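So the chains spell out like this:
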Amino acid sequence: MSEIKLAAAVRTEFGKGAARAVRRDGRVPAVVYGHGAEPAHVTLPAHDLALALRTPNVLLALDVDGKSELAIPKAVQRDAIKGFLVHVDLLLVRRGEKVTVEVVVETEGDLAPGSFLVENVLNTLSVETEATHIPTSVTVSIEGLEAGNSILAKDIELPSGTTLVTDPDAVVIQILAAQAEEPAAEGAETEGAEA
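Values in this document were obtained by computation on a predicted structure and should not be read as measured data.

A.B. asks: Help me understand the sheet that holds strand 4 (residues 59–64) in this model?
C.D. replies: The pairing of strands in a sheet happens through backbone hydrogen bonds and is either parallel or antiparallel. The sheet built from six strands closes into a barrel, its strands ordered 1-3-2-6-5-4 with mixed pairing. With strand direction ignored, the average angle separating the axes of adjacent strands in the sheet is 45°. Both strand 2 (residues 27–34) and strand 6 (residues 85–93) contribute to a ladder of four bridges, which runs parallel. Each bridged residue has a counterpart across the sheet, and for Tyr 33 the counterpart in strand 6 is Leu 91.

A.B. asks: Just to check I follow, could you spell out the pattern of salt bridges for this structure?
C.D. replies: Two side chains with opposite charge may pair up if their charged atoms get near one another. According to the stated counting rule, one finds two salt bridges in the structure shown. With its nearest N and O atoms 3.3 Å apart, the salt bridge here joins Glu 69 to Lys 67. You can call Glu 69 partly exposed: its relative accessible area is 21%. A relative accessible area of 53% places Lys 67 in the exposed class. Here Asp 169 makes a salt bridge to Lys 154, at a shortest N to O gap of 2.9 Å. Linking Asp 169 in the loop between strand 12 (163–164) and strand 13 (171–177) with Lys 154 in the loop between strand 11 (150–152) and strand 12, this pair joins segments that are 15 residues apart in sequence. Judged by its relative accessible area of 48%, Asp 169 falls in the partly exposed class.

A.B. asks: Would you explain the sheet that holds strand 13 in this entry?
C.D. replies: Reading across the sheet, the three strands line up as 8-13-11 and stay open at both edges, with antiparallel pairing between neighbours. Each end of this open sheet is capped by a strand with a single partner; those strands are strand 8 (116–120) and strand 11. In this sheet, neighbouring strand axes are inclined to one another by 10° on average, regardless of whether the strands run parallel or antiparallel. Sheet analysis places strand 11 next to strand 13, joined by three bridges and oriented antiparallel.

A.B. asks: Just checking my understanding: could you explain the nonpolar core for this structure?
C.D. replies: One recurring pattern in soluble globular proteins is that nonpolar side chains are buried together. Membership of the largest hydrophobic core comes to 23 residues, with the highest contact counts inside it found for Leu 125 and Ile 173. For this core, the secondary structure elements donating two or more residues are strand 4, strand 5 (67–78), strand 7 (98–108), strand 9 (124–130), strand 10 (137–141) and strand 13. Among the elements that take part in this core, strand 7 stands out by supplying four residues, more than any other. Setting aside anything within four residues of it in sequence, one finds Ile 173 in contact with Val 105, Thr 107, Val 118, Glu 119, Asn 120, Val 140, Ile 142, Asn 149, Ser 150 and Ile 151. Leu 49, Leu 53, Val 64 and Leu 92 belong to the second-largest nonpolar core, a separate cluster that totals 19 residues.

Here is what the cut-offs are and how they apply
Residues numbered from 1 in each chain as written. Predicted model: local features only at pLDDT ≥ 70, side-chain atom pairs only at ≥ 80, totals over all residues. Heavy atoms only, no water. Pairing = 2+ DSSP bridges. Helix = DSSP H or I, 4+ residues; strand = E, 2+ residues; numbered from the N terminus. Axes fitted to C-alpha atoms, helices over the stretch in contact; angles between N-to-C directions. Salt bridge = Lys/Arg side-chain N within 4 Å of Asp/Glu carboxyl O. Buried < 20%, exposed > 50% of the residue type's maximum accessible area, 1.4 Å probe, protein only. Core = buried A, V, L, I, M, F, W, Y, C linked by side-chain atoms within 4.5 Å. Contact = heavy atoms within 4.5 Å.

Structure representation (structure tokens):
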């Protein structure tokens, strides 16, 4: 996983009005915390941050007053209507430090022939991994599965150095039989139209 460098400016004014002014200037208010240090209130470039946040669990290299810090996003607030970034909480991390994050579960392959549906019971897995080697996703093969099959969290192969935090017996994906419409419902509609 590569680091994305962002220049952070220390924020001295607080409140709704100050936050709006920061956003008008093309920046996003943020709080950087962790490792027992006092939380640092900063602003980050909105466009660069939005691009960086497209990668799940991105590792950010922040330049705060000439001091370099590594951080990962913990909470991202977006405007409910327009979708722009409103505020971001960042957690400080160190190289070699283990962190617990949510990793997206992706599927690959084709189900067995027939009418089957894939139900994603869990879209993410909670894993513990090194802060500088966070996987963006884990892939699960559903090749040849049919109704009644399920994949548990413990069945998913994780990258080396990554351990499962989610309950190992939790169902992540299950395969269901597609249900056909009841023919009786069509007959009832026809009878009502004739009368």
